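Listed below are the residues making up each chain.
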Amino acid sequence: MSASGGTKAIVAALAANLAIAVAKFVAYLFSGSSSMLAESVHSLADSGNQGLLLLGGKKAKREATPEHPFGYGRERYIYAFLVSIVLFTVGGMFAIYEGYEKIHDPHEITHWYWPVGVLLFAIIAESFSFRTAIKESNLVRGNLSWRQFVKRAKAPELPVVLLEDLGALVGLVLALGGVGLALLTGNGVWDGIGTLCIGVLLIVIAIILAAETKSLLLGEAAGIDDIEKIRAAVVDGHTVTSLIHMRTLHLGPEELLVAAKIAVKSDETAAEVAHAINAAETRIREAVPIARVIYLEPDIYQAAAAASSPDPAKTPGGDGH
């Protein structure tokens, strides 16, 4: 995912959510609808979340320091994780509390045209934001399904905005249903039930986001396509005869660490091996531009020693190192 694509989706969502939050809160003041109050807090939380994503993107651009030699790329993962916490606490738990209170103390919705009108406006605005997120995601997701894209994406911004916008649209439909049933039946309990459903929805989305961003924080390997490109780029067929084993790690969405042990011919000189390693690093960076930190360790592969080891892949030189 390009940083610009993610930023465009975030800004579109931020603009939509700020406008919607104000409109929903005004509707709550005039109508007394708990669904409107929960939705206004939801939109306000979403606006704060987009602010966190923008802040994380800015902090991630800082140059590496002696204390943080691999840079600050993971700042984007940290702030995406904070988004899930905010969505869970401010959005989900507040909505459940408000829905519970409304069910135990229901009251009639007044000035019904306010919540209905605002909800319809919000659905239109969120649809435009969701459309922008889908458009930007389609530029980078390739042949992946939407579920695979959310699970495998190394840049957290687009999956976060996608899930937030989807949750917002479903929440608006739930709010509209709750308000509509409350108006039709004259029973404010339905408004509270709609609010409870919004809270449960937000908590589910927050848990999904937390699980995915936690995986990124722990450290994920490169995607399958990038790994295959690196494997093909390492071997030159002359000095570097094969790739013994390799580990990759995302230092950030757009920065990859590659550490590999490569097999070289036993009769090559140190200068020839050094030249081959430099050439291999160049080929890797050409094949996968985000591979910015590369460590290649040469070894003389001994098939017999490796085959006798419990784990041949980790015993490239037959000495267990």
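So, a few notes on the structure that sits alongside this text.

Calculation notes
- Residues numbered from 1 in each chain as written.
- Predicted model: local features only at pLDDT ≥ 70, side-chain atom pairs only at ≥ 80, totals over all residues.
- Heavy atoms only, no water.
- Helix = DSSP H or I, 4+ residues; strand = E, 2+ residues; numbered from the N terminus.
- Rg over C-alpha atoms; globule rule 2.2 N^0.38 Å.
- Buried < 20%, exposed > 50% of the residue type's maximum accessible area, 1.4 Å probe, protein only.
- Contact = heavy atoms within 4.5 Å.
- Axes fitted to C-alpha atoms, helices over the stretch in contact; angles between N-to-C directions.
- Parallel < 35°, antiparallel > 145°, perpendicular 65-115°, else oblique.
- Left-handed = near helix turned anticlockwise from the far one by under 90°.
- Nonpolar A, V, L, I, M, F, W, Y, C, P; charged D, E, K, R; others polar.
- 1 Å grid on protein atoms, 1.4 Å probe; cavity = no way out; pocket = protein on both sides within 12 Å on 5 of 7 lines; lining within 4 Å.
- Points joined across faces, edges and corners; volume = space filled by probe spheres on them.
- Pairing = 2+ DSSP bridges.
- Salt bridge = Lys/Arg side-chain N within 4 Å of Asp/Glu carboxyl O.
- Expected span 1.5 Å × (residues − 1).
- Arc of directions from axis to C-beta.
- Phe/Tyr/Trp six-rings, centres within 6.5 Å; stacked < 30°, edge-to-face > 60°.
- Lys NZ or Arg CZ within 6 Å of the ring centre and 35° of its normal.

**Focus on the overall build of the chain**
- Summing up its helical and strand segments, the chain has 10 helices and 3 strands in all.
- Over its C-alpha trace the chain gives a radius of gyration of 26 Å, far above what one expects of a compact globule, namely 20 Å for 321 residues.
- Split into buried and exposed, the 321 residues of the chain put 47% on the buried side.
- Long-range contacts, defined here as pairs at least 24 residues apart, represent 73% of the contacts in the chain between residues at least 6 apart.

**Notes on the packing of helix 8 (residues 224-234) against helix 9 (residues 270-287)**
- Relative to each other, helix 8 and helix 9 sit at 150°, their axes nearing to 8 Å. Considering their axes alone, helix 8 and helix 9 lie roughly antiparallel with respect to each other. Relative to helix 9, helix 8 is oriented so that their crossing is right-handed. Taking contact as the criterion, the partners of Lys 229, Ile 230, Ala 233 and Val 234 in helix 8 are, on helix 9, Ala 280, Arg 283, Ile 284 and Ala 287.
- Here the residues of the contact of helix 8 with helix 9 are counted per class, giving 6 nonpolar, no polar and 2 charged.

**Some words on the layout of surface pockets**
- In this model, the largest pocket occupies a volume close to 880 Å³.
- As for the largest pocket, its lining consists of 28 residues, of which Val 140, Arg 152, Lys 154, Gly 223 and Asp 226 are closest to the centre.
- Contributions of two or more residues to the lining of the largest pocket are made by helix 5 (146-152) and helix 8.
- Per-element tally for the lining of the largest pocket: the top contributor is helix 8, with 4 residues.
- Split by residue class, the lining of the largest pocket holds 15 nonpolar, 4 polar and 9 charged.
- Space inside the second largest pocket adds up to approximately 390 Å³.
- In terms of lining, the second largest pocket is formed by 25 residues, of which the most central are Gly 57, Ala 60, Lys 61, Arg 76 and Glu 254.
- The set of elements that each furnish at least two residues to the lining of the second largest pocket consists of helix 1 (3-31) and helix 2 (34-59).

**Section: the pairing of strand 2 (residues 255-264)**
- Judged by how many residues are buried, strand 2 sits mostly within the fold: 9 of 10 residues are covered.
- The sheet contact formed by strand 1 (residues 240-252) and strand 2 spans 10 bridges and is antiparallel. Its bridge partner lying in strand 2, Gly 252 is registered against Glu 255.
- Linking strand 1 to strand 2, which pair antiparallel, is a turn of 2 residues.
- Relative to strand 3 (residues 291-299), strand 2 runs parallel, the two being bridged by 8 bridges. What sits directly across from Ile 262, in strand 3, is Pro 298.

**Some details on the pattern of salt bridges**
- Within this structure, the stated rule accounts for 9 salt bridges.
- Glu 75 is the partner of Arg 62 in a salt bridge, and the nearest nitrogen-oxygen pair spans 2.4 Å. Residue Arg 62 is found in the loop between helix 2 and helix 3 (75-104), and its partner Glu 75 is found in helix 3; the two are separated by 13 residues along the sequence.
- Note on Arg 62: relative accessible area 38%, which makes it partly exposed.
- The exposure class of Glu 75 is buried, given its relative accessible area of 14%.
- Overlapping salt bridges, with partners in common, bring together Arg 76, Glu 157 and Glu 254 in one network.

**Focus: helix 9**
- The terminal C-alpha atoms of helix 9 lie 26 Å apart, and with 18 residues this matches the ideal 26 Å at 1.5 Å per residue to within 8%.
- Those residues of helix 9 not exposed but buried are Val 273, Ala 276, Ile 277, Ala 280, Glu 281 and Ile 284. Buried residues of helix 9, seen end-on, are gathered within an arc of 140° and therefore sit on one face of the element. Exposed residues lying more than 90 degrees from the buried face of helix 9 are Ala 271, His 275 and Glu 286.

**Considerations on the packing of aromatic side chains**
- Applying the stated criterion to the full structure yields 3 aromatic pairs.
- Centroid distance Phe 30 to Trp 114: 4.5 Å. Interplanar angle 10°. Geometry classified as stacked. Residue Phe 30 is located in helix 1, and its partner Trp 114 is located in helix 4 (residues 113-138); the two are separated by 84 residues in the primary sequence.
- Centre to centre, the rings of Trp 146 and Phe 149 are 6.2 Å apart; their planes meet at 85°, and the pair counts as edge-to-face. In this pair, Trp 146 and Phe 149 are both assigned in helix 5, 3 residues apart and thus about one turn of the helix distant.
- On the accessibility criterion, Trp 146 (35% relative accessible area) is partly exposed.
- Between the NZ or CZ atom of Arg 62 and the centre of the ring of Tyr 72, over which it lies, the distance is 3.9 Å.
- Its end group placed over the ring of Trp 146, Arg 141 keeps NZ or CZ at 3.9 Å from the ring centre.

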